Amino acid sequence: MSGHPSDPCREVCRTRQTGLVQVPWAVVPENLRTLRHYPRRHLPGDLLAGLLVAALAVPQSLGYAAVAGVPVQVGLYTLPPALLAYALLGTSRVLFVGPISTVSVLSGTIVRALSGGDVELAVRLTSALALTAGVVLVVAGLLRLGWVAQFLSEPIVTGFVAGLVVLIVVGEVPALAGLPAPTGNLAERLVTLVGGVGDFDGLTLSIGAAALLVLFGGQRLLPRVPWSLLVLVVGIVLSSQAALVDHGVLVVGAVPSGLPVPSLPVVDVRLLSGVVTGGLAIAAVGIAEGLAAVRTFSAEEVDARTDDRELVAHGAADLASGLFGGMGVGGSLSKTAANASAGAHTQLSGITSAVVTLGVLVMATGALADLPRTVLSAIVIHAVWALVRPHEFVRYARLRRNDAVAALVAFGGVLALGPLGGLLGAVAQSLLGLVYRSVQVDVDEMGRVSTEKAAWGSLASDPTRRTYRGVLVLRPSGPLFWANATTVLAQVERIALARAAEGGLRAVVLDLEATNQMDSTTSDRLTHLVHVLRRHGVDVHLVRVFGEVRGVLGRAGLLGELGPGHLWHSIAAGVKAARSAPEVDDEPDVTDLDDLEPEPPADDDEPAPDPPPRHVP
């Protein structure tokens, strides 16, 4: 029976004979299953891209570890598990996941506030933050909450990243010039930095400035050369040969060799609230940049499930990194661009980078001891500098003022309140702006478009559109819901009563096409509107009431109060019913309302009555 083609086990498990072992391919992650059909022609491109991006990522991960306030080896511990986890679960073929500037500086800010300068505690807190961020992202992905990430709009991310770059550069300038790192907020750091200008170490500053010149100049001349790796190697050789440490140049110092082992960081329970809050922030920032990179470099692969799968994949990368003593990660825009331009086709390039990093951990950490700290600072500054995009602020201001405001609020919030406070402030401003815009709903009077069949449009945009005496057609410009229902329906009431006071108004036709949700507050306000208008002799007809909106209005009793013949699929049908109601007692019978054209106006400028409409229940 097991060999029968319809055997359930054969169909579900799709086992494949491999010697004496049967592999249940259905439970193997999708990305791993695709390796069975890996095109060999992609192998050279993936291997070369992995090597080149590793040459960029290894020195930057050392710098990001310093930014995060932990020993440099933590950056190396982060890369392999994060890359392997994303390669297993991610949706993008070229996305590079690892330490990134935004997450590193945010993690460093939180850790410094919680650790009190204790390096060992800082390492544990850094891993705990990564684990917390991983749990948050995986749970959110499994619950299909990927849509929440959309609240981090591109203007917010742009302003947030620009603010972080300023903080990073200000934080790295002291090390670049041989000064101790200042503490406090941005203003206090700047004051300390300016006051310490006379204490700059000339040799250290010269080495750092030369490294920056090579990094920025070389990138402009030969962008495909791994200048970060070149500067790193030259810095180590120069330091060891010239004994720079004896001339007052600070170096990285001894870096432990060997592979990290998995472990869970132990954190004092009194610090857990800070770890949870920080983990949420790191999760939000990391996934924001990661999704931006996915959309930028994998546009053809994005579908409705992408955000949820990316939440799980990024969460798994954070969990793997934290479990092996690393820090929080995210999808890197710069290294993803380098990966794609280097010829990567699949995540085998990321796996290659992970293997290279493991080789560095086993065989090359001893050489890092002589690396001048100023060179590391130059690498960090060069890595983050390109993330500042002033032209984007100009574009936002040109396209839409609210987007420019959101970017500036995020930028200023980071500088004034720090990364976490700035991010929360920017998101809060965005949400408040969303709520504010949702309540700014106008009510348009509608008229029939003479040049189009069954088309209606706002009289404000074209006053020549046809109206019908005794009937007022009104349409809210946005959806009605509990926050704007009172204000918008009060507008409807004022317009209708003002027209009724002029005389001749028999009915209001209210178009609810823009409303796709309904709540009890809105249905109550609609019921109140009907009562008020009917007390003044004005009937109410509702048109284009769809789906759940109709169901809620029915359960609320409003449709029963309106009575038969007051709910229609089109404005034309509603207007015909409103005009016919005072004269016709029986329900009209017309086969196709929308195909009926209004007859020419009579001598009194009122269109002659159209054939009576058919009611749509």
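Being a predicted model, the structure only gives us computed values, none of them experimental.

**Section: helix H20 (residues 547–556)**
Stage number 1. The set of residues buried in H20 consists of Val549, Val552 and Leu553. The arc that holds every buried residue of H20, seen down its axis, measures 95 degrees, which confines them to one face. Of the exposed residues in H20, the ones pointing more than 90 degrees away from its buried face are Gly547 and Arg555.
Stage number 2. Where H20 ends, the next residue or the one after it, Gly557, has phi of about 90 degrees, a positive value.

**Here's the deal with the pattern of salt bridges**
Stage number 1. Under the counting rule described, the total for this entry stands at 12 salt bridges.
Stage number 2. The shortest N-O distance in the salt bridge between Glu120 and Arg124 comes to 3.5 Å. With Glu120 and Arg124 both in helix H6 (residues 119–142), this residue pair falls 4 residues apart, about one helical turn.
Stage number 3. On the basis of relative accessible area, Glu120 is assigned to the exposed category, the value being 57%.
Stage number 4. A relative accessible area of 29% means that Arg124 is categorised as partly exposed.
Stage number 5. Measuring nitrogen to oxygen at the nearest pair gives 3.3 Å for the salt bridge that ties Arg544 to Glu513. Of this pair, Arg544 sits in the loop between strand E9 (539–543) and H20 while Glu513 sits in the loop between strand E8 (507–511) and helix H19 (520–535), placing them 31 residues apart in sequence.

**Thoughts on the confidence of the model for the protein**
Residues shown with low pLDDT carry predicted positions that ought not to be read at fine detail.
Stage number 1. Per-residue confidence for the protein gives a mean pLDDT of 82, with 86% of residues at or over 70.
Stage number 2. Throughout residues 1–21 the model reports pLDDT below 50, and contacts reaching past four residues in sequence, or to other chains, amount to 25 contacts.
Stage number 3. The low-confidence segment residues 583–617, where pLDDT is below 50, has 73 contacts with residues more than four positions distant or belonging to other chains.

**Some remarks on a nonpolar patch on the surface**
Stage number 1. A cluster of nonpolar side chains, contributed by Val135, Val139, Leu143, Leu145, Trp147 and Val148, occupies part of the molecular surface with about 540 Å² of accessible area.
Stage number 2. Looking at the element boundaries, Val135 is found in helix H6.
Stage number 3. Residue Val135 is classed as partly exposed on the basis of its relative accessible area of 44%.

**What to know about the side chain of Ser115**
Stage number 1. Tracing the backbone through its elements, the reader meets Ser115 in helix H5 (residues 101–115).
Stage number 2. Since its relative accessible area comes to 11%, Ser115 is described here as buried.
Stage number 3. Leaving out residues up to four positions away in the same chain, Ser115 has contacts with Leu121, Ala122 and Leu125.

**Observations regarding the sheet that holds strand E10 (residues 567–568)**
Stage number 1. Taken in spatial order, the 6 strands make up an open sheet running E6-E5-E7-E8-E9-E10, and their pairing is mixed. Single-partner strands in this sheet number two, and they are strand E6 (456–458) and E10.
Stage number 2. In terms of strand pairing, strand E5 (residues 443–448) meets strand E7 (residues 471–476) through 3 bridges, oriented antiparallel. Residue pairing in the sheet places Asp444 in a bridge with Arg475 of E7.
Stage number 3. Across the sheet, helix H18 (residues 485–502) is in contact with E5, E7 and E8; its angle to E7 comes to roughly 160 degrees.

**Section: the environment of Met363**
Stage number 1. Positionally, Met363 belongs in helix H14 (residues 348–363).
Stage number 2. Judged by relative accessible area, which is 70%, Met363 ranks as exposed.
Stage number 3. Taking the C-alpha atoms as reference points, Met363 and Ser257, 106 residues apart in sequence, are found 7.3 Å from one another.

**Describing the nonpolar core**
Stage number 1. One finds Leu62, Leu76, Leu125 and Phe160 to be the most contacted residues of the largest nonpolar core, which totals 85 residues.
Stage number 2. Per-element tally for this core: the top contributor is helix H7 (residues 154–176), with 11 residues.
Stage number 3. Setting aside residues no more than four positions away along its own chain, Leu125 makes contact with Val111, Leu114, Ser115, Val267, Leu271 and Val275.

**A short note on the pairing of E7**
Stage number 1. With 5 of 6 residues buried, E7 lies mostly within the body of the structure.
Stage number 2. Pairing between E7 and E8: 4 bridges, direction parallel. Bridged to Val471 within E8 is Ala507.
Stage number 3. The parallel pair E7 and E8, bridged by H18, forms a crossover whose chirality is right-handed.

Rules behind the numbers
Residues numbered from 1 in each chain as written. Predicted model: local features only at pLDDT ≥ 70, side-chain atom pairs only at ≥ 80, totals over all residues. Heavy atoms only, no water. Buried < 20%, exposed > 50% of the residue type's maximum accessible area, 1.4 Å probe, protein only. Helix = DSSP H or I, 4+ residues; strand = E, 2+ residues; numbered from the N terminus. Arc of directions from axis to C-beta. Salt bridge = Lys/Arg side-chain N within 4 Å of Asp/Glu carboxyl O. pLDDT = per-residue confidence, 0-100. Contact = heavy atoms within 4.5 Å. Patch = residues over 30% accessible without salt bridge, like charges linked within 9 Å, V, L, I, M, F, W, Y side chains within 5 Å. Areas by Shrake-Rupley, 256 points an atom, 1.4 Å probe, with all protein chains shown as cover. Pairing = 2+ DSSP bridges. Axes fitted to C-alpha atoms, helices over the stretch in contact; angles between N-to-C directions. Core = buried A, V, L, I, M, F, W, Y, C linked by side-chain atoms within 4.5 Å. Right-handed = clockwise from strand over helix to strand, strands pointing away.

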